[in-house]
Amino acid sequence: MKRLILLSLVVAAIFSFNMISAEAASDTIGLGKYPVQVVAKKNTELKDEQGKFIKTVAKGDKLLLQAIKGKSGVIKYSSKSAYISLTDVHYIQLVDGAKTIPYDEVAAKLKLVSAMYPSLTKLQEIGKSVEGRPLYSLKVGTGDKEILLDASFHGREHMTANVLMEMIDTYVKAYVNGTKIEKYDVKKLLSEVSIVFVPMVNPDGVTLSQGGKVKTSMIKLKAMNNNSTNFNRWKANINGVDLNRQFNVNWHLIKKTKPSFKEYKGKAPNTEPEALAIKRLIDRGNHLAYVSYHSSGQIIYWSQTKTKFSRTKKLVKGVSNITGYKLMPVTKKNEPIAASEDYFTKVKDRPAMTVEIAPFAGEASVPLKRWNNVWKQNKTVGLYVANEARNW
Ligand SMILES: [Zn+2]
């Protein structure tokens, strides 16, 4: 029996997600166009490449981080690189949600926040996109209980990644400063319930929609886009599969179509690595609730749990009250169809919802001018769901 337990532990260890290894983290990660201003939280040392002391940085001094190298932040000092311990500084602002946030920025900022706050956060690579972009989850909090929030399943809905990145920025800052966000004592709450964020499920689709560089041939992509070069409207992953029609819940009920910028369900469930990464995260995780962020309609879809009717209803109503988004009725017409939220409800029998953050923007991404409202409406959603889950 003991041997069996040991064997299953070994197997679990082998199949557990890849932690971002210390070795990989020692490579320099440039923040490039997205330098981050930080402030020293105590007197600390600035060192050169060889680790030699350059000067003391006083508590309260501000510096501009250009890159991260292992556990150090890299700044420019007399036109050379100088290094400071990342655990000796706080960031002032991690992201600006009012601007478009590309995948490279998401990846760099997640690495930065995890290097700055190693005891509060845990970064994991949960898979890779079709074009090989690592997919990241970031757990924020030290609580044993967990909830799951993800965003940007659909390329053009990339403002949803801004929502989660801004939550990470705001919640981590409140945690380390010991401040409240509205009624929530963030440190106390996240010490009981951690939030697992996956800010960008579909980085290839987002990159294409944002006009960034992708590896897939433009001829192939144009053919899947009705011969249009308007890629801003792209929803699918780079294979032309809609990642939110990939889950094995009534998948067969969706009409067969062909690869397209939107709404193609794929040849079978779970063929696409991005959807599979979320499926595995759900399967292996013990998340008490799931919120999947999308961007069209200012409405909330939800699925009925088998055994937790009142808990589910209360939670989705609560999010509806905070955001002002309309709660969709759960009817035959609205039956679960192959979305990640449907899958979570089916396999976990726990509350899940799809939150659509903005009015329908047509076949396009959400205009940036909507951001201020969107953020106001969603700022406390992660804290609210975590707070509800405390007593479950
Ligand atoms: Zn969507």
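Just so it is clear, the structure is predicted and the values come from calculations on it, not from any experiment.

**Q** Help me understand the sheet that holds strand 10 (residues 89-91) in this model?
**A** Note: strands within a sheet are paired through backbone hydrogen bonds, in either parallel or antiparallel orientation. If you walk across this open sheet you meet the three strands as 6-3-10, and the pairing is antiparallel. What marks the edges here is a single partner per strand, and that holds for strand 6 (62-65) and strand 10. Direction aside, the axes of adjacent strands within the sheet are offset by 35° on average. Across three bridges, the pairing between strand 3 (residues 36-40) and strand 10 is antiparallel. In the sheet register, Val38 faces strand 10, and the bridge partner there is Tyr91.

**Q** What should I look at first to understand unusual backbone geometry in this one?
**A** Comment: phi is negative for the bulk of residues other than glycine, and the bulk of peptide bonds are trans. You will see that Asn250, though not glycine, has its phi angle at about 55°, which is positive. The phi angle at Glu263 is positive, at roughly 70°, despite the residue not being glycine. Mapped onto the secondary structure, Glu263 falls in the loop between helix 7 (218-223) and helix 8 (273-284). Owing to 15 C-beta atoms within 10 Å, Glu263 belongs among the partly exposed residues under this scheme.

**Q** Quick question: what am I supposed to make of the nonpolar core here?
**A** The tendency in soluble globular proteins is for nonpolar side chains to be buried side by side. Core analysis: the largest hydrophobic core is formed by 107 residues, its most contacted members being Ile147, Leu164, Ile168 and Phe197. Here this core takes 10 residues from helix 4 (residues 159-177), the largest share from any one element. Summarising the domain contributions, this core has at least three residues from each of domain 1 (15-92) and domain 2 (98-392). Not counting residues up to four positions away in its chain, the partners in contact with Leu164 are Leu149, Ala151, Phe197, Pro199 and Tyr293.

**Q** Looking at this structure, I do not really get the domain arrangement of the protein chain. What am I missing?
**A** How big an interface is tends to be stated in terms of accessible area lost as the parts join. Taken domain by domain, the protein chain holds domain 1 (15-92) and domain 2 (98-392). Using C-alpha coordinates to define each centre, domain 1 is positioned 30 Å away from domain 2. Between domain 1 and domain 2, the contact holds 16 residues from the first and 11 residues from the second. No other element matches strand 10, which puts three residues into the side of domain 1 that touches domain 2. Of the residues that constitute the side of domain 1 that touches domain 2, the class distribution is 12 nonpolar, three polar and one charged.

**Q** I'm lost on the pairing of strand 13 (residues 145-151) in this one. Help?
**A** A regular strand carries its side chains on alternate faces of the sheet. Most of strand 13 is tucked away, with five of its seven residues classed as buried. As paired strands, strand 13 and strand 16 (residues 193-198) are joined by six bridges and run parallel to one another. Bridge pairing links Ile147 to Ile195 in strand 16.

**Q** Please clarify how the environment of Lys128 should be interpreted in this entry.
**A** By secondary structure assignment, the location of Lys128 is in strand 11 (residues 121-128). For the pair formed by Lys128 and Pro203, sequence separation is 75 residues and the distance between their alpha carbons is 9.4 Å. Setting aside chain neighbours within four positions, we find Lys128 in contact with Arg133, Pro134, Leu135 and Pro273.

**Q** Is there a simple way to explain the confidence of the model for the protein chain in this structure?
**A** Note that predicted coordinates carrying low pLDDT should not be read in detail. Confidence in the prediction of the protein chain, expressed as mean pLDDT, is 93, and 92% of residues score 70 or more. Averaged pLDDT values over the elements of the protein chain bottom out at 44 in helix 2 (residues 22-25) and peak at 99 in strand 16. Scored below 50 in pLDDT, residues 9-17 shows three contacts in the model against residues more than four places distant or in partner chains. Considering only residues more than four positions removed or in separate chains, one finds that residues 21-25, a stretch of pLDDT under 50, has three contacts.

**Q** Help me understand the packing of helix 3 (residues 103-116) against helix 4 in this model?
**A** Think of two packed helices as two axes; the pair is described by the angle between the axes and how far apart they sit. At a minimum axis separation of 12 Å, helix 3 and helix 4 run at an interaxial angle of 20°. By the angle between their directions, the pair helix 3 and helix 4 is classed as roughly parallel. The crossing of helix 3 and helix 4 is left-handed. Between helix 3 and helix 4, the residues in contact are Val106, Lys109 and Val113 and Ala161, Met165, Ile168 and Val172, respectively. Split into classes, the residues belonging to the contact of helix 3 with helix 4 amount to six nonpolar, no polar and one charged.

**Q** Explain helix 9 (residues 309-323) here, please?
**A** Between the first and last C-alpha of helix 9 there are 21 Å, a value that for 15 residues agrees with the 21 Å anticipated at 1.5 Å per step. Here helix 9 has its buried residues at Thr312, Leu315, Val316, Val319 and Thr323. End-on, the buried residues of helix 9 take up no more than an arc of 90°, which puts them together on one face. Those residues of helix 9 that are exposed and angled more than 90 degrees off the buried face are Phe309, Ser310, Lys314 and Asn321. On its buried side, helix 9 packs onto strand 17 (287-294), strand 18 (299-302), strand 19 (326-327), strand 20 (352-356), helix 11 (371-378) and helix 12 (381-389). Following helix 9 by one or two positions, Gly324 has its phi on the positive side, about 80°.

**Q** What's the story with helix 10 (residues 340-348) in this structure? I'm lost.
**A** Note: α-helices contain 3.6 residues per turn, so residues at a spacing of three or four share the same orientation. Extensive coverage of helix 10 is indicated by the burial of seven of its nine residues. Along helix 10, the residues classified as buried are Ser340, Glu341, Asp342, Tyr343, Phe344, Thr345 and Lys348. Taken from the residues just after helix 10, Asp349 is the one with a positive phi, measuring 50°.

**Q** Help me understand the packing of helix 9 against helix 12, please; the structure alone is not making it clear to me.
**A** At a minimum axis separation of 10 Å, helix 9 and helix 12 run at an interaxial angle of 155°. Classified by the angle between their axes, helix 9 and helix 12 sit roughly antiparallel to one another. At the point where helix 9 passes helix 12, the crossing takes the right-handed sense. Of the residues in helix 12, those in contact with Leu315, Gly318, Val319, Ile322 and Thr323 of helix 9 are Val381, Tyr384, Val385 and Glu388. Across the contact of helix 9 with helix 12, the residue classes break down as six nonpolar, two polar and one charged.

Cut-offs applied
Residues numbered from 1 in each chain as written. Predicted model: local features only at pLDDT ≥ 70, side-chain atom pairs only at ≥ 80, totals over all residues. Pairing = 2+ DSSP bridges. Helix = DSSP H or I, 4+ residues; strand = E, 2+ residues; numbered from the N terminus. Axes fitted to C-alpha atoms, helices over the stretch in contact; angles between N-to-C directions. Buried ≥ 20, exposed ≤ 12 C-beta atoms within 10 Å, placed from the backbone. Core = buried A, V, L, I, M, F, W, Y, C linked by C-beta atoms within 7 Å. Domains from an automatic or database assignment. Contact = placed C-beta atoms within 7 Å. Nonpolar A, V, L, I, M, F, W, Y, C, P; charged D, E, K, R; others polar. pLDDT = per-residue confidence, 0-100. Parallel < 35°, antiparallel > 145°, perpendicular 65-115°, else oblique. Left-handed = near helix turned anticlockwise from the far one by under 90°. Expected span 1.5 Å × (residues − 1). Arc of directions from axis to C-beta.

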